[in-house]
Amino acid sequence: MPNEPAHDLSPSQETAVPGFAGPGHVAIIMDGNGRWAKARGRPRLFGHHAGAQRVREVVECCPRLGIKYLTIFAFSTENWKRTQVEVAGLMSLFRRYIAKELRELDAEQVRVRFIGDRVRLDQKLVKLMDEMEEVTRNNDRVHLTIALNYGARDEVARATRRLAQDVADGVLLPEHVDEETLPRYLDTRVLPDPDLVIRTSGEARISNFLLWQSAYSEYEFIDTLWPDFTAAELERLCRSYGARDRRFGAVTT
Ligand code: FPP
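Now for a look at the structure at hand.

Analysis parameters
Residues numbered from 1 in each chain as written. Predicted model: local features only at pLDDT ≥ 70, side-chain atom pairs only at ≥ 80, totals over all residues. Heavy atoms only, no water. Buried < 20%, exposed > 50% of the residue type's maximum accessible area, 1.4 Å probe, protein only. Helix = DSSP H or I, 4+ residues; strand = E, 2+ residues; numbered from the N terminus. Pairing = 2+ DSSP bridges. Axes fitted to C-alpha atoms, helices over the stretch in contact; angles between N-to-C directions. Parallel < 35°, antiparallel > 145°, perpendicular 65-115°, else oblique. Left-handed = near helix turned anticlockwise from the far one by under 90°. Contact = heavy atoms within 4.5 Å. Nonpolar A, V, L, I, M, F, W, Y, C, P; charged D, E, K, R; others polar. Near = heavy atom within 4 Å. Polar contact = N/O pair within 3.5 Å; in protein donor to acceptor, adjacent residues only side chain to side chain. Areas by Shrake-Rupley, 256 points an atom, 1.4 Å probe, with all protein chains shown as cover.

This part takes up the pairing of strand β2 (residues 69–76). For β2, a buried count of seven out of eight residues is recorded, marking the element as mostly surrounded by other parts of the structure. Judged from the five bridges that link them, strand β1 (residues 25–29) and β2 form a sheet pairing that is parallel. Each bridged residue has a counterpart across the sheet, and for alanine 27 the counterpart in β2 is threonine 71.

Structure below.
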């Protein structure tokens, strides 16, 4: 995402829910595909395919809910530890997903970005990711970010490496490094921080997702397995978010 302007924090112009101060940026840990498949006596990949189909409905309801940025965790740096069959099946699913959804997401004016380390990914997949980013780069209705081979610790390590290189090159002075500096080196540098992080499937952990960026996010851990997640449930979570008092460490009266 080189040379992109700073993110636009203005709420969506399309918000159709009156008096609804919902989250502008929602990040989702889409968990539970395997259990969903197992409950049906099917292989885990069947659950991942069902999970991929949920993404469309969720993206489509974003403008109505005032969600300008949606970030989804598709594959973590730790997911390589799964069986070779599952990893290969997921990579093939990502390739097919991009090829199939590219035109439709573009027609819906969705801008797609990918975060994570592309080095370990297959070249055919990386080419499709680059193409999707390029084709949708002028869209601004919804900003969909797909975390693929993403791990927050890995992201911070890669960012620190680049920052250290800038210091070594004399582009950056160590005494100028502060809280505003590191985010400029993160994969998410053009995105606002998430307002709301949702994890499906009943697990209450973050699993190395957006650790720096979610320092002040609100969290929702819900029991629904990802393939059962609906737009109606997202709307309920956004309404509940709207009722929360976010103080960012300050005291409000
Ligand atoms: C976690 O469920 C899910 C994943 C590791 C993969 C997420 C991928 C998708 C939702 C589908 C593809 C997405 C796109 C953008 C095409 P799990 O397998 O850990 O489930 P379990 O905890 O029940 O085993």
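Contact pair helix α2 (residues 44–65) / helix α6 (residues 231–242): the axes reach a minimum separation of 9 Å and the direction vectors enclose 40 degrees. Taken together, the axis directions place α2 and α6 in an arrangement best described as oblique. Relative to α6, the crossing made by α2 is right-handed. Judged by residue contacts, Glu57, Val58, Cys61, Arg64 and Leu65 of α2 engage Ala231, Leu234, Glu235 and Cys238 from α6. Grouping the amino acids of the contact of α2 with α6 by side-chain chemistry returns six nonpolar, no polar and three charged.

Here we take up the site of the ligand. Taken together, 17 residues form the shell around the ligand, and within it Asp31, Gly34, Arg35, Arg44 and Arg82 come nearest. The separation between an oxygen atom of the ligand and a polar main-chain atom of glycine 34 is 3.0 Å. Contact with the protein chains hides 92% of the accessible area of the ligand, taken as 620 Å² for the molecule alone. Taken together, the elements giving at least two residues each to the shell around the ligand come down to α1 (33–39), α2, β2 and α3 (84–107).

Keep in mind these values describe shape, not function.
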